[in-house]
Every structure is written in structure tokens, then in C-alpha cells.
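Residue-level structural notes
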Amino acid sequence: MLDFAIFAVTFLLALVAAVLYLYPASRQAAGIPGIAPTEEKDGNLPDIVNSGSLHEFLVNLHERYGPVVSFWFGRRLVVSLGTVDVLKQHINPNKTSDPFETMLKSLLRYQSGGGNVNENHMKKKLYESGVANSLQSNFALLLKLSEELLDKWLSYPESQHVPLCQHMLGFAMKSVTQMVMGNTFEDDQEVIHFQKNHGTMFPYFQVWSEIGKGFLDGSLDKSITRKNQYEDALTQLESILKKIIKERKGRNFSQHIFIDSLVQGNLNDQQILEDSMIFSLASCIITAKLCTWAIYFLTTSEEVQKKLYEEIDQVFGKDPITPEKIDRLRYCRQVLCETVRTAKLTPVSAHLQDIEGKVDKFIIPRETLVLYALGVVLQDPSTWPSPYKFDPDRFDDESVMKTFSLLGFSGTQECPELRFAYMVTTVLLSVLVRRLHLLSVEGQVIETKYELVTSSKEEAWITVSKR
């Protein structure tokens, strides 16, 4: 059954597969409503393929069976939760699991597992410190990279179409590599080389699905060519990181980068290597897509863009953009929260049921894979009035922000990679909107591709004009 059709399955399946790879299966159905396996070996995988993505499969499943549903991934029971109410019953605020870390560690063949609760909390604090310190130390760099992009766009004729996805990926790659790994990536050629290696392992477009296929059917190990390409790229990236880690140990630098926080923490070299690799990969894709969707949605709403410009003008006036003032951009943060919600930026999160639990009236057996259908929850009309409308004003309501925080998109449950992306995108929008009108291309229809991080299926084009 796992033939070429698997390419229709989005990269989110790699996240599920990663958890299945790490933990044993459970066959107990637990009486939770849902569908029976279509095939004994593959479970409901054919249904997921036919739906186009795991997210779209879950949308249909929750519409049919309600907020708590079950299906089969291979021979393993999977439970999906699809409303805020049932998520509140299941989410443990003391847990610090990171689905990006779970998936990427398995994909990279990293074996160091998670520690106990205290160790995980210490690690989370270390990450948070690393993000805060690297952003503070590199604010001028981030501003410079944003202004370089602004100058590039200012040089275009007003009728020229700008390839938004391409430019945002390049901007994110430059920002992440320099703020996580330092001046090794000041040279554009180094960034291009690094991006090439990222593309071999984590194709931002078509090869993401291929890696998902490799997880599900073992084809990465079966194909000598693919496996060699993957391992060569991984070796090169690890070699770069090991060199940087060695250079940063025991020395003081004027520029504090994310790796410095890991070096200064109580981590061994392998942990530093793994964590810096995972953070750079996750931060790059999240930052690129958040920037892309935020700018795209601004082009679709003149009113929102006008309000954002007025806030930026009120906060900064003709003064320089500074870290002290950037935190006062409340409406900009609402724009980014609404971007995450409307785009369904990360539509699914995976968790392992450590102990037997209960959600609503249903018992969830120990070692069951539990999915948070965030893409379903983020457009549930009972939680979000007019859910398909891009409306940042909805986040004026404190209770709405609390719900958003519960889902892991803000506050204490916010992952470090998203926190990093929020600041990078805020600076970029401040620079661009201050000087430019961001305009849509007439007749363009954006179709969505639901992967680990949601993207557009094709290039998104915009035009710009000077204010």
C-alpha cells in the first residue's frame, strides 16, 4: 500500500511516525468514536492519503465523530482531540514536550532521550535564555538584515511581482544562521551552502514529503543514493556546528549567539550539537512561514495594514527602531497571533499518553499516541467567531489570549522557536510597513499545503509601493 501515493501525505506524518518509532504500540480501542482500520497493516493510512494531508483527514474525522476521535496509524491506535474544552482536560501545563524536537531527533537519528521533569524544565529555561540573549545581542544585526530586504524591495518598479516565499526563506535563513551560529554565516556564500544542505535533508518544498515517506516505509535506508545524500549533508552540517562549538567554548565574544547559552549550560558536547541543530532547523522553517503568512495577510487587508502602520508610527515616529520600544507594538503582536491562527501555522501536535487518562467520558490507555488537532481547534466557530476572517482585533480580549496560550502559541507554553520567530517577524514588519505599502497581486489564489508547518503550495506573489 505504501507506494508513490504516499507523496500526497504531508510531512506531518513524519511527526507521527517519529513518535511511533520511539515508542511501542497499543492495540486497545478504548471505545472512542472513530473509524476502523481500512487495511490491517496500514490502518487508516489510505484514508489519510486520499484526504490530502493529516490535517484535512482530521477535519473530516472530527466533523463526523465529534471532539474526541480515534483512528489507526498502521496497527497503532491514535486519539485526536479537536476542541479547546477537551484539550483543557488533557494538557498538562507542567509538561515541556516539544513536537519539533521529538520529530527532528528521530529524523536525525539522534538517540539522547528526554530527561526527567526537572531536567526538561531546566532545558526549557536554558532555551528561553538562549533565545532572549541572542535576540538582544543581535538586534542590530536583525535590523540590518531587515533594512537590506527593504532596500531591495524599494529598488523594484511598483509593477514588479515579488516572490514572497523565496525572499522570506532567504531572510529567515540569514537571520537564524547568524543569530544561532554567529559570524560563520556573515558571508552569503556560507548561507547558500548551508541552505543547500538544509534542502538535501529538509526540502522546504517537495522533498519534505519524501523524507516523510522514508520514515513510513524505510525507503531512506533502502535507497543508497538518498541515504548517502542525507548522511553527507548531515555530516557537513554537524562538522560546521562542532567547529563553532569548539571555537565558542571557554571564550568571550561581543556577539552572544544561541549556541553560547548551550555551551554555558550543563550540557555535554553531543547535547549541544543536537539542540543547536534542532533549534536552527525548526526556527528557520517557522520564521520563514510566519513572515510569509503575516505579509501575505497584510496584503489582503488594507484596514489592518493601515492600523499596523499607525501603531508603528506612533511608537517610533522618526526615531530608530529599538528593542526597548519594539515591545510596545501590541497590535503587531495581535497581527502575528492572528496570522498563526488563520494560517493554522502548526496544524497538528503529537504527544504520548504516559499514564492512563480520561478525556470527557473516554479512557485513553497508557502509551496511546494523542494528537492535538490544532488546525481544527484554531478554526472552531464556537471558540473563534467568524473563524475564516483575518481579524487581529479578536486578540484584544484577554480570554482569547489565554486560550491561545493554552494551545502553546503564546505565554509560558510557547515553544522557543516560535518566540524567536515572533521577534524576528516583528522587526521585519516594523521596517517594511514603515516605508512600504504591501499589495496583493490581483487574481492570485493561494492554496495551502499542510505540513509540519503550513505553507502555500505555490509561490505567493506580492507587489510593493513607497509610502
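Residues numbered from 1 in each chain as written. Predicted model: local features only at pLDDT ≥ 70, side-chain atom pairs only at ≥ 80, totals over all residues. Heavy atoms only, no water.

An unreviewed UniProt entry lists the chain under the name Cytochrome P450 family 20 subfamily A member 1, with Suricata suricatta as the source organism. In its Cofactor (unreviewed entry) section, UniProt records this for the chain: "heme". (UniProt positions renumbered as here; feature names shortened; annotations may be inferred.)

1. Considerations on the overall build of the chain
Of the regular secondary structure elements, the chain holds 20 helices and eleven strands. Within the chain, the fraction of its 467 residues that count as buried is 57%. Surface exposure of the chain reaches about 20,400 Å², of which carbon and sulfur atoms provide 49%. (Helix = DSSP H or I, 4+ residues; strand = E, 2+ residues; numbered from the N terminus. Buried < 20%, exposed > 50% of the residue type's maximum accessible area, 1.4 Å probe, protein only. Areas by Shrake-Rupley, 256 points an atom, 1.4 Å probe, with all protein chains shown as cover.)

2. Section: the nonpolar core
In this structure, Leu-81, Trp-153, Ile-259, Ile-295, Phe-404, Phe-409 and Tyr-422 are the most contacted members of the largest nonpolar core, which totals 115 residues. In terms of residue count, helix H14 (residues 269-300) provides more of this core than any other element does, 18 residues in total. Residues in contact with Ile-295, not counting those within four places in the same chain, are Trp-153, Leu-164, Met-168, Leu-428, Leu-429, Leu-432, Leu-438 and Ile-462. If you look at the next biggest cluster of nonpolar residues, it comprises 16 residues, including Ile-35, Leu-61, Phe-71 and Val-348. (Core = buried A, V, L, I, M, F, W, Y, C linked by side-chain atoms within 4.5 Å. Contact = heavy atoms within 4.5 Å.)

3. Brief notes about the sheet that holds strand S7 (residues 369-372)
One key point about sheets: their strands pair by backbone hydrogen bonds, in either a parallel or an antiparallel sense. Spatially, the four strands line up as an open sheet ordered S1-S2-S7-S4, and their pairing is mixed. In this open sheet, the two strands that pair with only one neighbour each are strand S1 (68-73) and strand S4 (349-352). Within the sheet, the average angular offset between the axes of one strand and its neighbour, ignoring direction, is 30°. For S4 and S7, the ladder comprises four bridges, and the chain directions are antiparallel. The residue of S7 that forms the bridge with Leu-352 is Leu-369. Each of S1, strand S2 (76-81) and S7 is contacted by helix H3 (residues 54-65), which is oriented at about 135° to S1, the strand it contacts most. (Pairing = 2+ DSSP bridges. Axes fitted to C-alpha atoms, helices over the stretch in contact; angles between N-to-C directions.)

4. Some thoughts on the side chain of Glu-338
Assignment of secondary structure puts Glu-338 in helix H17 (residues 330-343). In this structure Glu-338 comes out as buried when scored by relative accessible area, which is 0%. Setting aside chain neighbours within four positions, we find Glu-338 in contact with Lys-389, Phe-390, Asp-391, Pro-392, Arg-394 and Phe-395.

5. Section: the UniProt feature "binding site: heme" (unreviewed entry) in the chain
In the numbering adopted here, UniProt assigns the feature "binding site: heme" (unreviewed entry) to Cys-415. The residue Cys-415 is located in the loop between helix H19 (398-406) and helix H20 (416-435) in this model. For Cys-415, a relative accessible area of 16% puts it in the buried group.

6. Re the environment of Asn-183
With respect to the secondary-structure elements, Asn-183 resides in the loop between helix H8 (164-181) and helix H9 (188-201). According to the relative accessible area criterion, Asn-183 is partly exposed, its value standing at 47%. Along the primary structure Asn-183 and Gln-255 are separated by 72 residues, whereas in three dimensions their C-alpha atoms are 8.8 Å apart.

7. Points about the sheet that holds strand S8 (residues 436-440)
Spatial ordering of the open sheet is given by S3-S11-S8, a layout of three strands whose pairing is antiparallel. Pairing within the sheet leaves two strands with one partner each, and these edge strands are strand S3 (162-163) and S8. Bridge count for S3 against strand S11 (residues 461-466) is two bridges, and the pairing is antiparallel. Paired with Pro-163 across the strands is Trp-461, a residue of S11. Here H14 sits on the sheet and contacts S8 and S11; the angle it forms with S8, its principal contact strand, is near 80°. Strand contacts of H20: S8 and S11, with the helix running at about 95° to S8, the strand carrying the most contacts.

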